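# Working through the structure, step by step
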Amino acid sequence: MDDTAPETAPDRDPDSAPAPPPASVPTPGERDRLLEEAVALRAGGRREEGRARLVSLAARLPGDAEVAYQTAWAHDVLGLEADAVPYYETALAGPGLTADDRRGALLGLGSTYRTLGRHEDAVGLLEPAAAEFPEDGALRAFLAMALYNTGRHHDSVRLLLTLLAATSEDPSVRKYRPAIEHYARDLDAIG
């Protein structure tokens, strides 16, 4: 072997540019800055640019639940629901989300499953999510839609009536709240 010949990888063209180094894992401070910038882009209307930065950051931090959640959200707001699913699933797979972000990820994934026609998956996710966060009316509303989609119409209407009775500020609904609550428990009741 000639000691003066440059070493090259056997599968690389020796005349091509060297491969770029793999993206390094950012420091915690850099991670926070990059995440904040990407979320600000999304929130400021530059959704595609924010999504691209989040995808890049998620690739560098594949187990980071908060980055995965924000990346899922960035896909969802662009109507890229199918692409959002693996990021939501990663976000929910382990620790790392605040309670509010966990609630948002559960709602986002459940709603996305429903939008994609994965109705049973939506119910399977949203039922325990609504139990985990009983004060969240949005979770119950999306669960009601998914229940409807699976043919569980009675459960869907019951849930919506219960939510309506509990949250409506409409004076005419408030006036009949006890009756609505009664019939929500038993829609087939007579008298």
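To be clear, the structure that these remarks concern was listed above.
Per-chain numbering applies: the sequence of each chain, read as written, is numbered from 1 onward. At least 70 in pLDDT is required for a residue's local features to be given in this predicted model, at least 80 for side-chain atom pairs to be given and counted, and no such filter applies to totals for whole chains, interfaces and linings, which use all residues. Side-chain descriptors were evaluated using all non-hydrogen atoms of the structure, hydrogens and water having been removed beforehand.

## As for the overall build of the protein
Secondary structure summary: the protein contains 10 helices and 0 strands in total. Buried residues are those whose accessible area, probed at 1.4 Å on protein chains only, stays under 20% of the maximum for their type, while exposed residues exceed 50% and partly exposed ones sit between those limits. Scored against the burial criterion, the 191 residues of the protein give a buried share of 33%. Pairs at least 24 residues apart make up 45% of the contacts formed inside the protein by residues separated by at least 6 positions. Note on areas: Shrake-Rupley with a 1.4 Å probe; residue coverage comes only from the protein chains shown. Carbon and sulfur atoms provide 56% of the accessible area of the protein, an area that totals close to 11,300 Å². Secondary structure elements follow DSSP: runs of H or I of four or more residues count as helices, runs of E of two or more count as strands, with numbering from the N terminus. The criterion used for residue contact is that any of the two residues' heavy atoms lie within 4.5 Å.

## Overview of the side chain of Arg51
With respect to the helices, strands and loops of the structure, Arg51 is situated in helix α2 (residues 47-60). A relative accessible area of 18% places Arg51 in the buried class. In this structure Arg51 touches Ala74, His75, Leu78 and Leu80, once residues within four positions along its chain are discounted.

## Here's the deal with the packing of helix α3 (residues 65-77) against helix α5 (residues 99-115)
To obtain each axis, a line is fitted to C-alpha atoms, and for helices this fit is confined to the stretch in contact; angles are then taken between N-to-C directions over 0 to 180 degrees. Two numbers describe how α3 lies on α5: the axes approach to 11 Å, and their chain directions differ by 40°. Relative to α5, α3 is oriented oblique. Crossing of α3 against α5: the hand is left-handed. Between α3 and α5, the contacting residues are Glu66, Tyr69 and Asp76 on the first element and Asp101, Gly104, Ala105, Gly108 and Thr112 on the second. Gly falls in the polar group here, along with every residue not listed as nonpolar (Ala, Val, Leu, Ile, Met, Phe, Trp, Tyr, Cys, Pro) or charged (Asp, Glu, Lys, Arg). When its residues are assigned to classes, the contact of α3 with α5 shows 2 nonpolar, 3 polar and 3 charged. Angles are sorted into four bins: roughly parallel if under 35 degrees, roughly antiparallel if over 145, roughly perpendicular if 65 to 115, and oblique for all others. Helix crossings are classified by the rotation of the near helix relative to the far one: an anticlockwise turn of less than a right angle makes the crossing left-handed, while a clockwise turn makes it right-handed.

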